[in-house]
Amino acid sequence: MKKSILIISTLLMVAGVCSAQNEPLTRTIRVAYGYMAKAEDLPASTSGILPLYTGSAINVDADLWRLSSNISMGFHAGIGGAETSLVSIFPLPIGFHYGINLHYHVLPQLGDLPGHWDIVLNSEVGSYTCPHLSPQLEYGFGATFTYYPFTHWGIFVEGTWGRFCYNQLYNAKVETGRSLLEAGLSLRF
């Protein structure tokens, strides 16, 4: 199953890159660090602070198919884990995020020369899976703000609200977060 998902993802990416040659600077590939947080309904510790479980992930988002001048479609994949403090990033076990995205580009396209900014409303649906647990549904709606100081390279921040999963550090239990905050680099081609 994992092998077939990898082969299909690779073929889709190659097809998207090949078709991108006809319309320059309309496709993007983004790499981001994402952060999910959820305050548990546990009794307060001796310091009076509620324990906070967080999830983090490194995601790749490929926006490869332009359906119209403002609407595009792509897919995302990433790895992530859970942590009980902000000190460690990826303690074991690690899970896998994957799914499809739909984007609406708010700013109008100005010929073949896109501007420095790209504001996108996005939606995504996918799955989270990790060893010994069944796949869990993930979905979200949000907004992305990207600034391109260079023609092809930019930085972005994205806020998404929905259902995002991660597993707790010391037991085989999936937790869900209601929001995902991501920041990273964007390559436009």
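Only a predicted model underlies this, so the values are computations on that prediction, with no experimental measurement involved.

Reading the values: the criteria
- Residues numbered from 1 in each chain as written.
- Predicted model: local features only at pLDDT ≥ 70, side-chain atom pairs only at ≥ 80, totals over all residues.
- Heavy atoms only, no water.
- Helix = DSSP H or I, 4+ residues; strand = E, 2+ residues; numbered from the N terminus.
- Buried < 20%, exposed > 50% of the residue type's maximum accessible area, 1.4 Å probe, protein only.
- Contact = heavy atoms within 4.5 Å.
- Areas by Shrake-Rupley, 256 points an atom, 1.4 Å probe, with all protein chains shown as cover.
- 1 Å grid on protein atoms, 1.4 Å probe; cavity = no way out; pocket = protein on both sides within 12 Å on 5 of 7 lines; lining within 4 Å.
- Points joined across faces, edges and corners; volume = space filled by probe spheres on them.
- Nonpolar A, V, L, I, M, F, W, Y, C, P; charged D, E, K, R; others polar.
- Salt bridge = Lys/Arg side-chain N within 4 Å of Asp/Glu carboxyl O.
- Polar contact = N/O pair within 3.5 Å; in protein donor to acceptor, adjacent residues only side chain to side chain.
- Phe/Tyr/Trp six-rings, centres within 6.5 Å; stacked < 30°, edge-to-face > 60°.
- Lys NZ or Arg CZ within 6 Å of the ring centre and 35° of its normal.

*Asks:* Tell me what's going on with the overall build of the chain, and back it up with residues and numbers.
*Replies:* A tally of helices and strands in the chain yields 1 helix and 8 strands. Counting from the amino terminus, the chain carries its helices and strands in the arrangement α-β-β-β-β-β-β-β-β. Residues counted as buried form 39% of the 189 residues belonging to the chain. Here the contacts in the chain between residues at least 6 apart in sequence split such that 57% fall between residues at least 24 apart. A total of about 10600 Å² of accessible surface is found on the chain, and carbon and sulfur atoms cover 71% of it.

*Asks:* Quick one: what's the story with empty space enclosed by the protein, residue by residue and with numbers?
*Replies:* Summed over the entire model, instances satisfying the criterion amount to 2 cavities of 30 Å³ or more. For the largest cavity, the calculated volume is near 170 Å³. Every residue lining the largest cavity is counted, 16 residues in all, and those nearest its centre are Asn59, His76, Glu124, Leu180 and Glu182. Grouping the amino acids of the lining of the largest cavity by side-chain chemistry returns 6 nonpolar, 4 polar and 6 charged. Empty space within the second largest cavity amounts to approximately 90 Å³. Forming the walls of the second largest cavity are Thr28, Arg30, Asp63, His103, His105, Asp118, Val120, Thr144, Thr146, Tyr148 and Ser186. Tallied by class, residues from the lining of the second largest cavity come to 2 nonpolar, 6 polar and 3 charged.

*Asks:* Describe the pattern of salt bridges, naming the residues involved and giving the relevant values.
*Replies:* Counted under the stated rule, the structure contains 2 salt bridges. Between arginine 30 and aspartate 61 there is a salt bridge, and its shortest N-O distance comes to 2.2 Å. Pair noted here: arginine 30 is in strand S1 (residues 28-39) and aspartate 61 is in strand S2 (residues 52-66), with a separation of 31 residues, a long-range link. Looking at arginine 30, the relative accessible area reads 8%, which means it is buried. On the basis of relative accessible area, aspartate 61 is assigned to the buried category, the value being 8%. The structure contains a network of salt bridges with shared partners spanning Arg30, Asp61 and Glu158.

*Asks:* Describe the side chain of serine 127, listing the residues and the values that go with them.
*Replies:* Positionally, serine 127 belongs in strand S5 (residues 117-130). A polar contact of 3.3 Å, which involves the side chain of serine 127, links it to the backbone oxygen of glutamine 136. Ignoring any residue separated from it by four or fewer positions in sequence, one finds serine 127 in contact with Phe96, His97, Tyr98, Pro135, Gln136 and Glu138.

*Asks:* Before we move on, can you summarise the side chain of histidine 103 with the specific residues and values?
*Replies:* Mapping histidine 103 onto the fold places it in strand S4 (residues 95-105). For histidine 103, a relative accessible area of 5% corresponds to the buried category. In contact with histidine 103, other than residues within four places in its own chain, are Arg30, Asp61, Asp63, Asn70, Ile71, Ser72, Val120, Leu121 and Asn122.

*Asks:* Give me the packing of aromatic side chains: which residues, what numbers.
*Replies:* Enumeration over the complete set of coordinates arrives at 2 aromatic pairs. With 6.4 Å between their ring centres and 45° between their planes, tryptophan 65 and phenylalanine 75 make a pair best called tilted. In this pair, tryptophan 65 is assigned in strand S2 and phenylalanine 75 in strand S3 (residues 71-83), connecting sequence segments 10 residues apart. What makes tryptophan 65 partly exposed here is its relative accessible area of 26%. On the numbers, 5.0 Å between centres and 50° between planes, the contact of tryptophan 117 with tyrosine 147 is tilted. Linking tryptophan 117 in strand S5 with tyrosine 147 in strand S6 (residues 133-147), this pair joins segments that are 30 residues apart in sequence. For tyrosine 147, a relative accessible area of 32% gives the class partly exposed. Residue placement shows arginine 30 over the ring face of phenylalanine 156; its charged tip is 4.5 Å from the ring centre. Stacked on the ring of tyrosine 148, the Lys or Arg arginine 188 has its end atom at 3.8 Å from the ring centre.

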